[in-house]
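One letter stands for each residue in the lines below.
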Amino acid sequence: MEPGSRGAAPGGVSVSAVLPAGGSGERLGGATPKQFCAVQGRPLVSYAVRAMERISWISDIIVVVSPENIETMKTIIEKYGHKRVTVVEGGITRHRSIFNGLKVFADNEFSSHLLQKPEVVIIHDAVRPFVEEDTVSKVVMAAKEHGAAGATRPLVSTVIASAADGCLDHSLERARYRASEMPQAFLFDIIYEAYQQCTDYDLDYGTECLHLALKYCKTNAKLVEGTTDLWKVTYKRDLYAAESIIKEKLSQQVCVITSGKETLAQVGFLLPESLKSQIKVEAISKSLSKNDSRLQNIISGQCCNFVCVNDKRCAIQETQELVDMLEKSNIPLLCPVVLILVHLDTSESNSFSIGMEDLTTIKKFARETKRKNILVYGLLIQYK
């Protein structure tokens with residue numbers, strides 16, 4: 001299912017997401033809040049939004065930012081083509097920002113245009129860009145059953161407490177405790193009631209949403225085992241780690257494009273089937289079109305590898321359309337895009353149908369696109 005389309009949520013419930021993105025990034029250092037720091041040329045918050053956006057059954061995505069960053073966030077949404085996203089002004093603390101994000105579904109005084117209230121709401125940090133749909137689905141299903149749920153991970157280090165004199169007081173048994181991660185999910189009425197009841201102290205100094213549900217609504221959250229990629233970008237070194245992970249993910253996905261012709265469609269089916277056990281594959285069986293919304297969504301998701309299968313003598317014009325789409329998408333091409341042109345020769349002749357003139361044209365095209373950080377390769381196959 002293509003990103004942006006609506007599918008059925010786990011358990012058939014309606015689901016929305018709130019992403020607090022109002023932090024100042026003090027621990028990161030520097031003038032730019034970490035959620036707006038560029039990773040591979042794209043703001044970190046955009047990756048987190050995209051992770052939610054690619055899950056078709058999430059109806060609305062609420063991004064909560066500080067007042068001075070509202071226009072910045074709106075510019076990011078427009079530049080990267082994010083859909084189903086509403087920007088909300090945050091509060092002075094994390095809990096106050098999340099509360100504001102929830103209010104757009106329930107408080108007429110806060111928002112003149114209320115969004116449809118979901119049965120389950122996801123809360124996820126804007127600086128955790130690598131969450132997968134499977135994890136989100138498990139947390140949502142657990143929240144539907146238990147009222148609240150959150151991803152956790154084993155503690156890496158032992159937690160100790162110090163006495164007033166700065167000496168060791170006691171340590172916790174690491175096997176009994178877990179690190180609370182994101183995403184978390186709640187029945188909307190439970191978490192909204194908890195925020196309505198909590199004190200100013202909770203709003204100003206608290207950080208754990210699951211605790212609010214327990215304290216004010218007597219809801220024991222179900223803890224769901226999370227994956228290793230749920231970590232939060234906190235320090236500058238985390239930005240470098242995030243960049244490395246993103247590069248690895250980009251190298252493990254490819255888009256295969258073929259026309260609707262029977263022979264090509266067959267190859268277009270067999271190629272993804274042979275690749276999908278090794279990398280993530282998107283297959284499009286149609287002629288390239290500038291109005292192809294599915295292809296545009298794949299590009300906006302930063303797919304950097306394309307295989308174009310054709311049976312024309314020289315398919316430069318169609319390939320140029322793809323290059324034009326990549327350029328007009330405004331997605332920074334800091335990581336080289338790999339474009340493989342597969343010419344399928346289905347003629348009865350025993351000789352190849354591409355001549356020197358066509359090869360010269362392809363080489364020239366490849367030299368021009370290389371200057372744009374797009375690497376073009378050609379493959380000629382005789383298909384009988």
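- Under an unreviewed UniProt entry, the name given to the protein is D-ribitol-5-phosphate cytidylyltransferase, and the source organism is Cettia cetti.
- Database annotation for the protein, UniProt heading Sequence similarities (unreviewed entry): "Belongs to the IspD/TarI cytidylyltransferase family. IspD subfamily."
- The heading Pathway (unreviewed entry) in the UniProt record of the protein holds the text "Protein modification; protein glycosylation."

## Some thoughts on the overall build of the protein
Alright, step 1. Looking only at helices and strands, one finds twelve helices and 16 strands in the protein.
Alright, step 2. When burial is assessed residue by residue, the protein has 47% of its 384 residues classed as buried.
Alright, step 3. A separation threshold of at least 6 residues defines the contact pool for the protein, and within that pool the share at least 24 residues apart is 76%.

## Things to note about the sheet that holds strand 7 (residues 148-154)
Alright, step 1. Ordered in space as 5-4-1-6-10-7-11, the seven strands form an open sheet in which the pairing is mixed. Edge strands, defined here as strands with exactly one partner in the open sheet, are strand 5 (85-89) and strand 11 (222-225). Along the sheet, successive strands turn relative to each other by an average axial angle of 25°, direction set aside.
Alright, step 2. Bridge count between strand 1 (residues 15-20) and strand 4 (residues 58-65): five bridges; the pairing is parallel. Bridge pairing links Pro20 to Val64 in strand 4.
Alright, step 3. Relative to strand 1, helix 3 (residues 94-103) is tilted by about 150°, and along the sheet it contacts strand 1, strand 4, strand 5, strand 6 (120-123) and strand 10 (178-187).
Alright, step 4. Docked against the sheet, helix 5 (residues 188-197) engages strand 6 and strand 10, running at close to 110° with respect to strand 10.

## A short note on a positive patch on the surface
Alright, step 1. Side chains of Lys363, Lys364, Arg367 and Arg371 sit close together on the surface and give a patch of like positive charge.
Alright, step 2. If you trace the backbone, Lys363 turns up in helix 12 (residues 356-370).

## Some thoughts on the environment of Val256
Alright, step 1. If you trace the backbone, Val256 turns up in strand 12 (residues 253-258).
Alright, step 2. Residue Val256 is classed as buried on the basis of its relative accessible area, which comes to 1%.
Alright, step 3. On a C-alpha basis, the gap between Val256 and Ala283 in space is 4.8 Å, while along the polypeptide they are 27 residues apart.

## Remarks on the packing of helix 3 against helix 5
Alright, step 1. It is at 10 Å that the axes of helix 3 and helix 5 come closest, and there the two elements cross at 130°. Of the possible angle classes, the one that applies to helix 3 and helix 5 is oblique. Between helix 3 and helix 5 lies a crossing of left-handed hand. Facing helix 3, whose interface residues are His95, Ile98, Phe99, Leu102 and Lys103, helix 5 presents Phe188, Ile191, Tyr192, Tyr195 and Gln196.
Alright, step 2. Tallied by class, residues from the contact of helix 3 with helix 5 come to seven nonpolar, two polar and one charged.

## Points about the packing of helix 5 against helix 7 (residues 209-217)
Alright, step 1. One can describe the packing of helix 5 onto helix 7 by two numbers: an axis separation of 9 Å at closest approach and a directional angle of 80°. The angle between helix 5 and helix 7 places the two elements in the roughly perpendicular class. Where helix 5 abuts helix 7, its residues Ile190, Ile191, Glu193, Ala194, Tyr195 and Gln197 lie against Cys209, Leu212, Ala213, Tyr216 and Cys217.
Alright, step 2. Grouping the constituent residues of the contact of helix 5 with helix 7 by class yields nine nonpolar, one polar and one charged.

## Some remarks on helix 11 (residues 316-328)
Alright, step 1. Over its 13 residues, helix 11 extends 18 Å from the first C-alpha to the last, a length consistent with the 18 Å expected when each residue adds 1.5 Å.
Alright, step 2. Listed in full, the buried residues belonging to helix 11 are Ile316, Thr319, Leu322, Val323, Met325 and Leu326.

Scoring rules and cut-offs
Residues numbered from 1 in each chain as written. Predicted model: local features only at pLDDT ≥ 70, side-chain atom pairs only at ≥ 80, totals over all residues. Heavy atoms only, no water. UniProt positions renumbered as here; feature names shortened; annotations may be inferred. Helix = DSSP H or I, 4+ residues; strand = E, 2+ residues; numbered from the N terminus. Buried < 20%, exposed > 50% of the residue type's maximum accessible area, 1.4 Å probe, protein only. Contact = heavy atoms within 4.5 Å. Pairing = 2+ DSSP bridges. Axes fitted to C-alpha atoms, helices over the stretch in contact; angles between N-to-C directions. Patch = residues over 30% accessible without salt bridge, like charges linked within 9 Å, V, L, I, M, F, W, Y side chains within 5 Å. Areas by Shrake-Rupley, 256 points an atom, 1.4 Å probe, with all protein chains shown as cover. Salt bridge = Lys/Arg side-chain N within 4 Å of Asp/Glu carboxyl O. Lys, Arg positive; Asp, Glu negative; His and termini not counted. Charge placed at Lys NZ, Arg CZ, Asp CG, Glu CD. Parallel < 35°, antiparallel > 145°, perpendicular 65-115°, else oblique. Left-handed = near helix turned anticlockwise from the far one by under 90°. Nonpolar A, V, L, I, M, F, W, Y, C, P; charged D, E, K, R; others polar. Expected span 1.5 Å × (residues − 1).

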